[in-house]
Amino acid sequence: MSAPLKSTDQLEGFRRETRAWLEANCPAEMRQPVAEEGDVCWGGRRWKFKSDAQRAWLERMAERGWTVPEWPKEYGGGGLSKEEARVLREEMARLSCRAPLTSFGISMLGPALLKYGNEEQKREHLPKIVRGEIRWCQGYSEPGAGSDLASLKTRAEDQGDHYVVTGSKIWTSYGDKADWIFCLVRTDFGARKQEGISFLLFDMQSPGIATRPIRLISGYSPFTQTFFDAVQVPKQNLVGELNKGWTIAKYLLTHERNMIGGMGTQRQTPLSQVAIKSIGLASGRLAEGALRADIARFEMDALAFGLTMSRVIDEAKAGNETGAMSSMLKYYGTELNKRRAELAMSIAGAEGLKFDGQTQVDLAPVWLRTKANSIEGGTSEVQLNIIAKSVLRLPGA
Amino acid sequence: MSLVLTEDQLMFRDAAKRFAAERTPVAQLRKLRDQNDGVGFDRAVWKEMAQMGWAGVLVPEEHGGAGFGYVGAGLIAQEIGRNLSATPFLSTAVLAVTALLRGGSVAQKEALLPAIASGDLVVALASDERARHAPHSIATRAAGGSGRFKLSGRKLHVLDGHVADRLIVTARTSGDVDSRDGITLFLIDAKATGVNVTRTPTVDHHNAATLELRDVAVGDADVIGTFDKGAVVLDAVLDAGRATLAAELLGVAEESFERTLNYLREREQFGAKIGTFQALQHRAAHLFCEIELVRSVVLRTLQALDSQEPTASNLVCLAKAKATDVARIATNEAVQMHGGIGMTDEFDIGFFMKRARGAGETLGDYYYHADRFAQLAGY
């Protein structure tokens, strides 16, 4: 699948070239830490670049296919081997380069299209994702189908050369900002619930589509409810086989779980360091004993979890069976992330209560946001069900 | 280093797995207990273990050992945990050998390492003096000077102390009673005048003893490591023991968890297998995740000891704390999920809970290592 291993010399050559190119092409502004929402570039038809630097950075990286370093060149990707992609990541980190583009096209639809799409679909959609021209959203959950996703009711009726889609989706991330949607719809109304589902792509500007933002407890509205009223979708926009969309959905859910589960391990200032600053030490120990004990327990679990992520990657590299590890990582990672936010709030005390309903870098909105981690992408309880069934082989699970 | 076992390590583990299950299963520990065996393990089986390379797992090949390192020792300990095998492996093959490798003179190594590796010599570490682990709190005195000393003091929880041929004793040669400085390690003969050992039966039916020393004569040649600076060797010995215990606790947790899963698949109540109940499924699934974390931590820690990484102690704390905590939860859940039968002596599952407690307390429990973890991280 990946390009053949490069010799160390070749890899070092690639590193030198990459470093020189990044130094010459990554604008100084794009080496500053992300400070607010607009600093993360999502692209799309309606994207307003925050600055010329943001635009230039995206265009230069997209030109080389380095917004998606490992995708094949024929679809606009960088065509890099795993080792080269790692070198690129390391060199970008060395210069503190921001990601040129963040999108669900890159993280979710792209991998699904590469695996299940036909040639025409790949050629049509992948290059636009690479260049950040089309912003995608995901149409999975419905008001009546959350944890029980397969019971979804949005219908796609066969009308000869096109489908007519009617129904409603909920928790559509940035549904009001997206250009296209990848959507699970029911195409067989008599079959067992998992067997009548198909995977459709369509333009959010199609007649009959409306979105309504959902205001969350954090004061923030990243999700919409999305309504489809007899939306016409050309038949060539069906991905994979008719009624086999559940396979693609499961593949993408695994992908999504790995992303959400991994969020807790992003580089953050250790809680203990935050606590030393705000609480202080007494005889070398954090001055509040009970809080210190909880922080230590959290930091040990976080370190153990990080090592487990590494081990799962190493096992996969060695070709060993890793089972339903994505459920484990999603469950444990998101629960850890929530614990971290709870402790961060406790350490901050009254300072942590600051809330103006707008600033998303304050602690309170972050704390509130983490509560969704163990709900989105399959709740913690659903992950435990999956572990009980597919790993532990418990009866009737 | 990749967090995956090599081919050699996998073969070594498979051999250990077969041997422990056949020769030292839980039934053997039960038999030793029922017969109130004076030794607490089968000496003939320990010789067989030596032939398997267990007694000399850490001993370099030049001294007659297998040279398989701490990862190898951990693989053995994990199988010991799974089978609750009665063996002097921890005291002799890990604690004593690490002390000799780190601080032993050429003469000491040549005299002891081959005899340990062949299973002919049992050596115990006598260090702890407090009920709660406080490794540098040493009141045992070495009085005298000019190369001649007399040891006096009392040591607790000496693993295999009552059957050891030699004892490695920590004593204070200078400094305050809690000072890391001023500790010296001495090698003494268990039959020396003034040595009095009393076996202390424990709830996990594993070997421990109390040691009384009264004017036991030792000399310069008996010192292991540097005079007054014995804590350097002692800390390395304790970390090796803690990491090995973490691996044993991983085995205890794994085995009791697997036995419990089997019970959940078979036992029927209310007209259904109890494994169909979500209340039990979710607890089992959570436990699965915790055990996976312990697996990663134990392997990483043993690798760090083998490559003598500077931050290996932080990992040792993590491993011992996490393994102690998870083995406690796993064995407690095992008894609870087995219901009434889990409370009976006839059924083995209780043995696992007892060993989780015993191994958990040994060389520092969860609280000790959580505290040390935080201290090493600067808080």
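To be clear, the structure that these remarks concern was listed above.
Numbering of residues begins from 1 in every chain and follows the order in which that chain's sequence is written. Written order decides the labels, with chains lettered from A and ligands numbered from 1. Totals for whole chains, interfaces and linings use every residue, but because this is a predicted model, local features are given only for residues with pLDDT of at least 70 and side-chain atom pairs only at 80 or more, for both listing and counting.

What follows covers the interface of chain A and chain B. Residue pairs are scored as contacts if the distance between their C-beta atoms, which are placed from the backbone, is within 7 Å. Facing 36 residues of chain A, the contacting portion of chain B comprises 30 residues. Mapped onto the side of chain A that touches chain B, the elements with two or more residues apiece are α7 (271–279), β10 (285–286), α8 (289–317), α9 (325–348) and α11 (380–391) of chain A. Here the side of chain A that touches chain B is composed, by residue class, of 23 nonpolar, six polar and seven charged. Starting at the N terminus, helices and strands are each numbered in turn, a helix being any DSSP run of H or I of at least four residues and a strand any DSSP run of E of at least two. Polar here means any residue outside two lists: the nonpolar Ala, Val, Leu, Ile, Met, Phe, Trp, Tyr, Cys and Pro, and the charged Asp, Glu, Lys and Arg; Gly therefore counts as polar.

Here we take up helix α3 (residues 82–94) of chain A. An expected span of 1.5 Å times one less than the residue number is assigned to each helix. In this model, α3 of chain A (13 residues) spans 18 Å end to end at C-alpha, consistent with the 18 Å of a helix rising 1.5 Å per residue. The secondary structure elements touched by the buried residues of α3 of chain A are α1 (8–25) of chain A.

Residue and element names in this part refer to chain B. Counting other C-beta atoms within 10 Å of a residue's C-beta gives its exposure: the residue is buried at 20 or more, exposed at 12 or fewer, and partly exposed in between, where C-beta atoms are placed from the backbone. Side chains V123 and L125 of strand β1 (residues 123–126) all project onto a buried face; the interleaved residues A124 and A126 project onto the opposite face, where all are buried too. Following DSSP output, two strands are said to pair if at least two bridges run between them. Relative to strand β4 (residues 166–172), β1 is paired through four bridges, and the arrangement is parallel. Within the sheet, the bridge partner assigned to L125 lies in β4 and is I168.

Fitted lines through C-alpha atoms give the axes, limited to the stretch in contact for helices. The angle between two N-to-C directions lies from 0 to 180 degrees. Packing of α8 of chain A against helix α9 (residues 312–338) of chain B brings their axes to within 10 Å, and their N-to-C directions diverge by 100°. Compared by their axis directions, α8 of chain A and α9 of chain B come out roughly perpendicular. Each of M300, L303 and A304 of chain A in α8 of chain A lies in contact with α9 of chain B, whose residues at this interface are L318, A321 and K322 of chain B. Looking at the contact of α8 of chain A with α9 of chain B residue by residue, the class counts come to five nonpolar, no polar and one charged. Note that the term roughly parallel is reserved for angles under 35 degrees, roughly antiparallel for angles over 145, roughly perpendicular for angles of 65 to 115, and oblique for everything else.

Looking now at the pairing of strand β2 (residues 155–158) of chain A. All names here are of chain A. Bridge count for β2 against strand β3 (residues 162–173) is four bridges, and the pairing is antiparallel. For R155, the partnering residue across the bridge sits in β3 and is T166. Connecting β2 to the next strand, β3, in antiparallel fashion are three residues, including G160 with a positive phi near 85°.

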